[in-house]
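If you want the building blocks of each chain, they are given just below.
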Amino acid sequence: MRYISTRGETPPMGFADAVLTGLAPDGGLLVPERIPDLSGRLDALAKLSYIDLAHAILCEFIDDIDADALRRIVQDAYATFDHPEVTPLVQLSHEHVLELFHGPTLAFKDVALQLVGRLFDEVLRARGTRVTIVGATSGDTGSAAIDGVKDCANVDIVILYPHNRTSDVQRKQMTTVDSPNVRVVAVEGTFDDCQDMVKAMFNDAPFRERMGLSAVNSINWARVMAQVVYYAVAADLLAGPIDVCVPSGNFGNVFAGWIARRMGASIDQLVVASNANDILTRFFRSNDMSTEPVLPSLSPSMDIQVS
């Protein structure tokens, strides 16, 4: 599988290069050149455990990491979860909730970042190199990313977060990690200000090269790829077609659902739910992506105006 930039100005590359690169040098997102069609295999895949299904889906996107090494990475990543099903499905009344909070930081980002941290370490160990991950967070990405790489021998991480705009739990999860490869910076401003700084660093090619920068935000395809799995799990367990409602600030999560549907998962509607920071709602309703002041809310991970 080769990976191409959405802006078309970066030469195609393999998965290992794509995961280390994060944002394409031309400023685009690195995405697979084709979406695998698993519709003919879904009945067999539905019988697999979460770990086996994750391995099967990841193998569709990764052909430059040994399959046995990849299975070990998947097993190690999800051994950190406190539920044997990893992302259990719970029925309320007529609705079901997919519980994505059983990872070490209680955030859905753990599903991807426990895996991504280990993918980084595997690729870097094989190459004998080191990277510095730089990320912006409204709370949950930062703590999950730090937990995912805090024990990685070949990764340094620097996380920027908006001062006084994350929950106390998330701030403490980020700022109390006693690992020499972890740095956390509070920024006077909003998440969008933090993200602007990260994008500026990645767009400064000499600085990016000198510092060996990489990313773990949802601009990194590996994040989206890992999240595809639980959409396939939900569709299988409920014998779809199903509608999925996803609270969305930065769009990476619901995009993974769209990829799962393209791969053959029995998903009908993907409902993008917003809070008062409704840029995604305005975009889908009227093609309006004009920014407004960020409104603090009880869901700080959704307090975003530049998705």
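Provided above is the structure to which this section pertains.
Residues numbered from 1 in each chain as written. Predicted model: local features only at pLDDT ≥ 70, side-chain atom pairs only at ≥ 80, totals over all residues. Heavy atoms only, no water.

(A) Seen up close, empty space enclosed by the protein. Overall, the coordinates contain 1 cavity of 30 Å³ or more when judged by the stated rule. Forming the walls of the largest cavity are Leu38, Leu42, Leu45, Leu53, Ile57, Val228, Ala232, Asp236, Ala260, Met263 and Ala265. Those elements giving two or more residues to the lining of the largest cavity turn out to be α2 (42-45), α3 (50-61), α10 (221-237) and α11 (252-263). Ranked by residues supplied to the lining of the largest cavity, first place goes to α10 with 3 residues. In the lining of the largest cavity, the residues fall into 10 nonpolar, no polar and 1 charged. (1 Å grid on protein atoms, 1.4 Å probe; cavity = no way out; pocket = protein on both sides within 12 Å on 5 of 7 lines; lining within 4 Å. Points joined across faces, edges and corners; volume = space filled by probe spheres on them. Helix = DSSP H or I, 4+ residues; strand = E, 2+ residues; numbered from the N terminus. Nonpolar A, V, L, I, M, F, W, Y, C, P; charged D, E, K, R; others polar.)

(B) Representation of the packing of helix α6 (residues 140-149) against helix α7 (residues 168-175) in the model. Relative orientation of the contacting elements α6 and α7 amounts to 30°, with a least axis distance of 9 Å. Here α6 is positioned roughly parallel relative to α7, judged by the angle of their axes. Between α6 and α7 lies a crossing of left-handed hand. Only Gln170, Gln173 and Met174 of α7 make contact with α6, whose side of the interface consists of Asp140, Gly142, Ser143 and Ile146. (Axes fitted to C-alpha atoms, helices over the stretch in contact; angles between N-to-C directions. Parallel < 35°, antiparallel > 145°, perpendicular 65-115°, else oblique. Left-handed = near helix turned anticlockwise from the far one by under 90°. Contact = heavy atoms within 4.5 Å.)

(C) Structural view of the environment of proline 162. With respect to the helices and strands, the residue proline 162 is situated in strand β6 (residues 155-162). Put simply, proline 162 and glutamate 188 are 26 residues apart on the chain and 6.0 Å apart in space, counted from C-alpha to C-alpha. When near neighbours in sequence (up to four residues on either side) are disregarded, proline 162 contacts Thr137, Ser138, Val187, Gly189, Thr190, Phe191 and Cys194.

(D) Spotlight on the sheet that holds strand β8 (residues 213-214). One open sheet accounts for 4 strands, arranged β7-β6-β5-β8; its pairing is parallel. For this open sheet the edge positions go to β7 (182-187) and β8, each flanked by a neighbour on one side alone. Running at roughly 150° to β6, α7 makes contact with β6 and β7 of the sheet. Those strands touched by helix α8 (residues 191-203) are β5 (131-136), β6, β7 and β8, and its axis lies near 150° from that of β5. (Pairing = 2+ DSSP bridges.)

(E) Representation of the layout of surface pockets within the structure. Roughly 1,000 Å³ of internal volume is contained in the largest pocket. Every residue lining the largest pocket is counted, 45 residues in all, and those nearest its centre are Leu100, Cys245, Val246, Pro247 and Asn253. Secondary-structure elements contributing two or more residues to the lining of the largest pocket are β4 (96-98), α6, α10, β9 (242-247) and α11. Taken together, the residues of the lining of the largest pocket break down into 24 nonpolar, 15 polar and 6 charged. Volume-wise, the second largest pocket comes out at about 600 Å³. Residue lining of the second largest pocket: 26 residues in total, with Leu29, Ser218, Ile219, Asn250 and Ser307 positioned closest to the centre. Among the secondary structure elements, those contributing two or more residues to the lining of the second largest pocket are β2 (30-32), α8, α10, α11 and α12 (279-286).

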